[in-house]
Amino acid sequence: MSKKRVAVLISGRGSNMTALIEAAKASDYPAEIALVISNRPEAPGLTRAREEGITTAVVDHKLFGEDGEAFERALDAALVAHRIDLVCLAGFMRLLSPWLVQRWSGKMLNIHPALLPQFKGLHTHRRALEAGVKRHGATVHFVVPEVDAGPIVEQDSIAVRGGDTEDTLAARVLEIEHRIYPRALRALAEGRVGIASLGEDGRKR
Ligand code: GRF
């Protein structure tokens, strides 16, 4: 079976992107990282991807001003132009509209640094400490129009320790992220997980 062509969308350092690139080097891995797209030209992850010989593209949201639709059409055009099968959001800090999400329904994953459905949104480590939870972790899920709400593909957790700070917690959760994202992508690329695709009208197709 031919490998699925994957695009990783980043905005920053790209450590999850790197974990996916490393995993995809295995000959039996069912996906190849064919493209890395950043919405920020200065994202450090872009340099890393280029060092790995991976094609990169910048779709700078700032150039589109208030026109989020045009930004997303440009993103989609880049994905189509590179014959991308699957998309992994990895620290991609733009909210996507239902239009793009539905176009890639069942083919787009995101990683979130919390045990969803707990702590959707930002500052998850701080909020986990404030809430006094005993366990905290990370989740890979399908992207659906509602933010951080799609069906879960992989999840793992660690115990929160007495002396934990946002930074120590983030570091241990990041190790989980790097482990579960390659596993989730493998499961999707092998067709072992999926969701019913919705058409642009929101109906099943
Ligand atoms: C990760 O914690 C990820 O879960 C969140 O943003 C962070 C991105 O880190 N969505 P990196 O760019 O993958 O290093």
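Up top is the structure these notes are about.
Report on the accompanying structure.

Quick notes on the rules
- Position numbers for residues count from 1 along each chain, tracking the sequence in the order it is written.
- Where totals are concerned, whole chains, interfaces and linings use all residues; where local detail is concerned, this predicted model gives features only for residues with pLDDT of at least 70, and gives and counts side-chain atom pairs only at 80 or more.
- Side-chain metrics rest on all non-hydrogen atoms present in the structure, leaving aside hydrogens and water.
- With a 1.4 Å probe rolled over the protein chains alone, any residue whose accessible area is under 20% of its type maximum counts as buried; one over 50% counts as exposed, and the rest are partly exposed.
- Secondary structure elements follow DSSP: runs of H or I no shorter than four residues count as helices, runs of E no shorter than two count as strands, and numbering proceeds from the N terminus.
- Whether two residues are in contact is decided by their heavy atoms: any pair within 4.5 Å suffices.
- In this scheme, strands are said to pair when DSSP sees at least two bridges between them.
- Working convention: axes come from line fits to C-alpha atoms, limited for helices to the stretch in contact. Angles between N-to-C directions cover 0 to 180 degrees.
- Between N or O atoms, a polar contact is any pair within 3.5 Å; within protein, one atom must be a potential hydrogen donor and the other a potential acceptor, and residues adjacent in sequence are included only when both atoms are from side chains.
- One less than the residue count of a helix, multiplied by 1.5 Å, gives the span that helix is expected to have.
- When at least one non-hydrogen atom of a residue lies within 4 Å of a molecule or strand, that residue is treated as near it.
- Only the protein chains shown count as cover for residues, and the accessible areas themselves come from Shrake-Rupley with a 1.4 Å probe.
- Each residue is assigned to one class: nonpolar for Ala, Val, Leu, Ile, Met, Phe, Trp, Tyr, Cys and Pro, charged for Asp, Glu, Lys and Arg, and polar for all the others, Gly among them.
- Each angle receives one of four descriptions, namely roughly parallel if under 35 degrees, roughly antiparallel if over 145, roughly perpendicular if within 65 to 115, and oblique otherwise.
- Less than a right angle of anticlockwise turn of the near helix away from the far helix marks a crossing as left-handed, whereas a clockwise turn marks it as right-handed.
- The set of buried Ala, Val, Leu, Ile, Met, Phe, Trp, Tyr and Cys residues whose side-chain atoms join them within 4.5 Å is what this entry labels a nonpolar core.
- Any carboxyl oxygen of Asp or Glu that lies within 4 Å of a side-chain nitrogen of Lys or Arg is treated as forming a salt bridge with it.

Quick notes on helix 1 (residues 15–23)
Right, on to step 1. The buried fraction of helix 1 is high, at 8 of 9 residues.
Right, on to step 2. The complete set of buried residues in helix 1 reads Ser15, Asn16, Met17, Thr18, Ala19, Leu20, Ile21 and Ala23.
Right, on to step 3. Close packing links the buried residues of helix 1 with strand 1 (4–10), strand 2 (31–38), helix 2 (44–51), strand 4 (86–89), strand 5 (108–112) and helix 6 (166–189).

Digging into the sheet that holds strand 1
Right, on to step 1. Taken together, 7 strands build an open sheet; the order of strands is 3-2-1-4-5-6-7 and the sheet is mixed. The open sheet has two edge strands, strand 3 (56–58) and strand 7 (152–159), and neither has a second partner. Each strand axis lies, on average, 20° off the axis of its neighbour in the sheet, ignoring direction.
Right, on to step 2. Sheet analysis places strand 1 next to strand 4, joined by 4 bridges and oriented parallel. Note that in strand 4 the partner of Val6 across the bridge is Leu86.
Right, on to step 3. With respect to the sheet, helix 2 is in contact with strand 1, strand 2 and strand 3, its orientation differing from that of strand 3 by roughly 155°.

Examining the side chain of Ser38
Right, on to step 1. With respect to the helices and strands, the residue Ser38 is situated in strand 2.
Right, on to step 2. Judged by relative accessible area, which is 0%, Ser38 ranks as buried.
Right, on to step 3. A polar contact is formed between the side chain of Ser38 and the backbone oxygen of Arg40, at a distance of 2.7 Å.

Digging into helix 6
Right, on to step 1. Spanning 24 residues, helix 6 covers 33 Å between terminal C-alpha atoms, matching the ideal 34 Å at 1.5 Å per step.
Right, on to step 2. Phi turns positive, to about 75°, at Gly191, one or two residues after helix 6.

Digging into the site of the ligand
Right, on to step 1. In the vicinity of the ligand, the contacting residues are Arg13, Gly14, Ser15, Asn16, Gly91, Ile111, Pro113 and Glu177.
Right, on to step 2. Contacts to the ligand include Arg13, whose side-chain N or O atom sits 2.5 Å from an oxygen atom.
Right, on to step 3. A distance of 2.5 Å separates an oxygen atom of the ligand from a polar atom in the side chain of Ser15.
Right, on to step 4. Within the complex, 85% of the 360 Å² of free accessible area of the ligand lies under protein.
Right, on to step 5. Looking at side-chain class alone, the shell around the ligand contains 2 nonpolar, 4 polar and 2 charged residues.

What to know about the packing of helix 1 against helix 2
Right, on to step 1. Helix 2 packs onto helix 1 with a crossing angle of 15° between their chain directions and a minimal axis gap of 10 Å. By the angle between their axes, helix 1 is roughly parallel relative to helix 2. For the element pair helix 1 and helix 2, the recorded crossing hand is right-handed. Along the contact surface, helix 1 presents Met17, Thr18, Ile21 and Glu22, while helix 2 presents Gly45, Arg48 and Ala49.
Right, on to step 2. Residues of the contact of helix 1 with helix 2, tallied by class, amount to 3 nonpolar, 2 polar and 2 charged.

With respect to the nonpolar core
Right, on to step 1. Formed by 35 residues in total, the largest nonpolar core has its most connected members in Val6, Val8, Ile33, Val36, Leu109, Tyr181 and Leu185.
Right, on to step 2. For this core, the element with the highest residue contribution is helix 6, accounting for 9 residues.
Right, on to step 3. Setting aside chain neighbours within four positions, we find Tyr181 in contact with Asn16, Leu20, Cys88, Leu89, Ala90, Leu109, Asn110, Ile111 and Val140.
Right, on to step 4. Counting 21 residues, the second-largest nonpolar core is a separate cluster that includes Leu35, Val59, Val87 and Leu89.

What about the pattern of salt bridges?
Right, on to step 1. Here the structure, examined in full by the defined rule, presents 14 salt bridges.
Right, on to step 2. Between Lys25 and Glu22 there is a salt bridge, with the nearest N and O atoms lying 3.1 Å from each other.
Right, on to step 3. Glu22 sits in the partly exposed class, given a relative accessible area of 37%.
Right, on to step 4. Bridged by salt links that share partners, the residues Glu22, Lys25, Arg48 and Glu52 form one connected network.

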